[in-house]
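# Tertiary structure, described
What follows is each chain in one-letter form.
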Amino acid sequence: MKLPYAEPYKIKMVEKIHRSTQQQREKWIKEANYNLFNLRSEHVFIDLLTDSGTGAMSDVQWSEMMLGDESYAGATSFYKMKAAIKKIFNFDYFLPTHQGRAAENVLFSATVKAGDVVPGNSHFDTTKGHIEFRAAKAIDCTIDEAFNTTVLHPFKGNLDLQKLEAVLEEYPKEKIPMIIVTITCNSSGGQPVSIQNMRDVKALAEKYEIPVFYDSARFAENAYFIKLRESEFKDFTIKEIVLEMFKYSDGMTMSSKKDAIVNMGGFIAMHNKELYKEASMFNIIFEGYVTYGGMSGRDMNALAQGLDEATEFDYLEARVGQVQYLGEKCKKYGIPLQQPIGGHAIFIDAKRFLPQIPKEEYIAQTVAVELYIVGGIRGVEIGTILADRDPDTRENRYPELELVRLAIPRRTYTNNHMDYVAAVMKTIFNTRHEAKKGLRIVEEAPIMRHFTVKLEKL
Ligand SMILES: *Cc1c(COP(=O)(O)O)cnc(C)c1O
């Protein structure tokens with residue numbers, strides 16, 4: 001008999017979380033103007049707002065914190081991180097930054113200029129933001145299968161090579177500073193990219209002499225999916241797969257709050273020394289000197305250790321396994337989810353959950369608010385509120401998908417918590433026909449409104 005997986009760790013310290021009554025939550029969410037970002041965390045029972053910076057560090061990571069070297073220049077912690085990046089990704093040059101978007105800011109300051117285009121697979125919102133902020137354009141070349149929630153495809157993060165080549169043909173190479181491959185593809189639901197696709201993208205990029213950068217926040221989860229789904233690599237260790245993946249890139253940006261299992265941190269790494277020199281200047285202006293770049297020595301130590309732990313098969317089997325566990329349970333209850341289930345979160349298809357609510361009443365936000373009221377669970381809307389208004393017409397942009405994301409923090413909750421989440425979902429799903437009305441916006445910011453928007457129940 002094949003034995004099931006079990007978490008390759010036990011619990012040494014616990015943190016109390018707070019139950020509350022539905023009546024209390026109805027009051028709190030009203031006071032928060034039906035915006036889940038406005039809730040105090042102690043009013044949330046199970047917090048699935050994000051898996052970014054919310055994971056649990058190991059005893060070894062905490063020990064490393066004590067060994068941090070806080071020297072301004074040349075700290076041992078810097079060299080620990082440098083050695084980890086060389087070992088895991090094989091890059092010689094790197095710059096620490098305080099988080100992922102800071103890495104983007106520094107790298108793009110050195111490479112992206114007005115009028116440029118940056119093709120990729122559904123760029124993450126901060127990535128796109130930093131590109132558009134420079135009056136450049138992010139062009140989405142993701143395969144079409146990614147946009148149909150019911151189609152099963154093992155690598156929905158893949159780039160469509162024809163779409164990509166069309167961009168490389170249309171623009172001169174001076175206008176294309178890089179291709180960005182996001183692993184896993186966050187915006188399409190934590191979906192992986194195959195090594196075959198990485199090889200093909202790199203071959204095309206070489207033909208047109210364009211560098212390839214990986215937006216690598218969940219690179220380890222991507223490697224785990226490759227081991228499971230791409231037969232050439234089934235006998236490789238995760239660390240061997242990661243080295244193979246990064247062979248086809250010229251550099252990377254990293255939000256270490258994801259797959260380096262730390263609460264804060266990021267970096268850029270690359271092969272090209274000239275680019276390193278140029279980016280160093282921006283690092284010094286925006287982040288800090290090149291050997292700390294916005295991070296404490298102790299945080300660099302924990303990050304170096306986290307990279308090693310996150311690239312162990314047993315850890316990933318439990319981590320991705322827990323996400324799949326929740327997803328399978330919800331599917332059994334008939335809850336419409338985006339498929340296949342990704343590496344870090346499940347995505348509820350709100351249009352299929354509440355088909356009677358019109359899109360003008362913020363369907364996904366209505367489901368997210370209900371999850372909080374009924375069960376004290378905090379997810380996040382990925383729908384019309386997030387999509388903002390059209391900058392020219394000021395009309396709402398209605399995206400094809402209205403999703404509620406439930407992101408699972410790393411090593412933080414048990415499968416009992418997942419059972420609880422699924423049970424809450426089932427309760428709401430069973431009474432979904434009773435929902436007659438959604439929500440209405442009473443106040444919003446001109447851009448990035450989802451963080452501060454105020455709503456009321458219709
Ligand atoms: C989180 C994330 C970022 C931004 O990183 P922060 O640490 O939140 O600044 C960039 N790209 C991807 C794919 C991410 O998931």
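Residues numbered from 1 in each chain as written. Predicted model: local features only at pLDDT ≥ 70, side-chain atom pairs only at ≥ 80, totals over all residues. Heavy atoms only, no water.

Moving on, we get to the site of the ligand. What surrounds the ligand is a group of 14 residues, the closest being Gln99, Arg101, Asp215, Ser255 and Lys258. The side chain of arginine 218 places a nitrogen or oxygen atom 3.0 Å from an oxygen atom of the ligand. Isolated, the ligand exposes 380 Å² of accessible area, and the fraction of that covered by the protein chains is 97%. Of all the elements, helix H4 (residues 100-111) adds the most residues to the shell around the ligand, at three residues. Split into classes, the residues belonging to the shell around the ligand amount to two nonpolar, six polar and six charged. (Near = heavy atom within 4 Å. Polar contact = N/O pair within 3.5 Å; in protein donor to acceptor, adjacent residues only side chain to side chain. Areas by Shrake-Rupley, 256 points an atom, 1.4 Å probe, with all protein chains shown as cover. Helix = DSSP H or I, 4+ residues; strand = E, 2+ residues; numbered from the N terminus. Nonpolar A, V, L, I, M, F, W, Y, C, P; charged D, E, K, R; others polar.)

Below, the discussion takes up the environment of arginine 352. On the secondary structure map, arginine 352 appears in helix H13 (residues 350-353). On the basis of relative accessibility, which here comes to 40%, the residue arginine 352 falls in the partly exposed class. Separated by 50 residues in the primary sequence, arginine 352 and glutamate 402 have C-alpha atoms spaced 9.1 Å apart. If we ignore the near neighbours within four places in the chain, the residues touching arginine 352 are Thr149, Thr150, Pro336 and Leu337. For arginine 352, the side chain forms a polar contact with the side chain of aspartate 349, separated by 3.0 Å. (Buried < 20%, exposed > 50% of the residue type's maximum accessible area, 1.4 Å probe, protein only. Contact = heavy atoms within 4.5 Å.)

This part covers the packing of helix H7 (residues 195-207) against helix H9 (residues 238-247). For the pair H7 and H9, the least separation of the axes is 9 Å and the interaxial angle reads 20°. The orientation of H7 relative to H9 falls into the category roughly parallel. Pair H7 / H9 crosses with left-handed handedness. For the pair H7 and H9, the contacting residues are Ile195, Met198 and Arg199 in the first and Ile241, Glu244 and Met245 in the second. Here the residues of the contact of H7 with H9 sort into four nonpolar, no polar and two charged. (Axes fitted to C-alpha atoms, helices over the stretch in contact; angles between N-to-C directions. Parallel < 35°, antiparallel > 145°, perpendicular 65-115°, else oblique. Left-handed = near helix turned anticlockwise from the far one by under 90°.)

Here we take up the side chain of asparagine 197. Position of asparagine 197 relative to the elements: it lies in helix H7. At a separation of 2.8 Å, a polar atom in the side chain of asparagine 197 contacts the main-chain amide nitrogen of leucine 159.

Pairing is antiparallel in the open sheet, where three strands are placed in the order E9-E12-E11. Bordering the open sheet on either side are strand E9 (345-349) and strand E11 (380-382), each of which pairs with just one other strand. Sheet twist, expressed as the mean angle between neighbouring strand axes with direction ignored, is 30°. Pairing analysis gives five bridges linking E9 to strand E12 (residues 403-407), with the strands arranged antiparallel. Bridging across to E12, isoleucine 346 finds its partner in leucine 406. Packed onto the sheet, helix H14 (residues 363-375) meets E9, E11 and E12 and runs at close to 40° relative to E12. (Pairing = 2+ DSSP bridges.)

This part covers the domain arrangement of the protein. According to the domain assignment, the protein consists of domain 1 (22-51 + 319-457) and domain 2 (59-310). When each unit is reduced to the centre of its C-alpha atoms, the spacing between domain 1 and domain 2 is 28 Å. Every contact between the two is made by 20 residues of domain 1 and, on the other side, 24 residues of domain 2. The junction of domain 1 with domain 2 conceals about 1700 Å² of combined surface from both sides, 49% of it contributed by carbon and sulfur atoms. For domain 1, the biggest contributors to the area lost against domain 2 are Pro340, Arg410 and Arg411; these three give 32% of the whole. (Domains from an automatic or database assignment. Buried area = accessible area lost by both parts, 1.4 Å probe.)

A separate point is the packing of aromatic side chains. The geometry of two aromatic rings is summed up by the distance between their centres and the angle between their planes. Under the defined criterion, the tally for this structure stands at 19 aromatic pairs. Centroid distance tyrosine 72 to tyrosine 292: 4.9 Å. Interplanar angle 70°. Geometry classified as edge-to-face. Taken together, the positions of tyrosine 72 in the loop between helix H2 (59-66) and helix H3 (76-89) and tyrosine 292 in the loop between helix H10 (273-286) and helix H11 (297-310) put the pair 220 residues apart, joining distant regions of the chain. Given the relative accessible area of 55%, tyrosine 72 is considered exposed. Ring centres of phenylalanine 89 and phenylalanine 219 lie 4.9 Å apart, and the angle between their planes is 65°; on these two criteria the pair is classed as edge-to-face. Of the two residues, phenylalanine 89 is situated in helix H3 and phenylalanine 219 in helix H8 (residues 219-229); the sequence distance between them amounts to 130 residues. An aromatic cluster is defined as three or more aromatic residues linked by ring pairs; in this entry it consists of Phe78, Tyr79, Phe89, Phe91, Phe94, Tyr214, Phe219, Phe246 and Phe267. Positioned over the ring face of phenylalanine 313 is lysine 227, at 5.6 Å from the centre of the ring. Taking the ring centre of phenylalanine 429 as reference, the NZ or CZ of arginine 432 above it sits at 3.8 Å. (Phe/Tyr/Trp six-rings, centres within 6.5 Å; stacked < 30°, edge-to-face > 60°. Lys NZ or Arg CZ within 6 Å of the ring centre and 35° of its normal.)

As a further point, take the environment of methionine 281. If you trace the backbone, methionine 281 turns up in helix H10. Relative accessible area serves as the criterion here: at 46%, methionine 281 is assigned to the partly exposed category. Considering only alpha carbons, one finds methionine 281 and valine 106, 175 residues apart in sequence, at a separation of 8.7 Å.

The next thing to look at is H10. The end-to-end C-alpha separation of H10 is 20 Å, in line with the 20 Å expected for 14 residues at 1.5 Å each. If you check which residues of H10 are buried, you get Leu275, Tyr276, Ala279, Ser280, Phe282 and Asn283. On the buried face of H10, the contacting elements are strand E2 (93-97), H4, strand E6 (212-215) and strand E8 (266-270). A distance of 2.8 Å separates the backbone nitrogen of glutamate 274 from a side-chain oxygen at the start of H10, and that oxygen is part of asparagine 272. (Expected span 1.5 Å × (residues − 1).)

Our next topic: the packing of H4 against helix H5 (residues 125-133). A pair of packed helices is captured by two measures, namely the crossing angle of their axes and the spacing between those axes. Running from N to C, H4 and H5 point in directions that differ by 30°, and their axes come no closer than 10 Å. By the criterion of interaxial angle, the relationship of H4 to H5 is roughly parallel. H4 and H5 meet at a crossing whose hand is right-handed. Residue-level inspection shows Arg101, Glu104, Asn105 and Phe108 of H4 in contact with H5, the latter providing Thr126, Thr127, His130 and Ile131. When the residues that make up the contact of H4 with H5 are grouped by side-chain class, the tally is two nonpolar, four polar and two charged.

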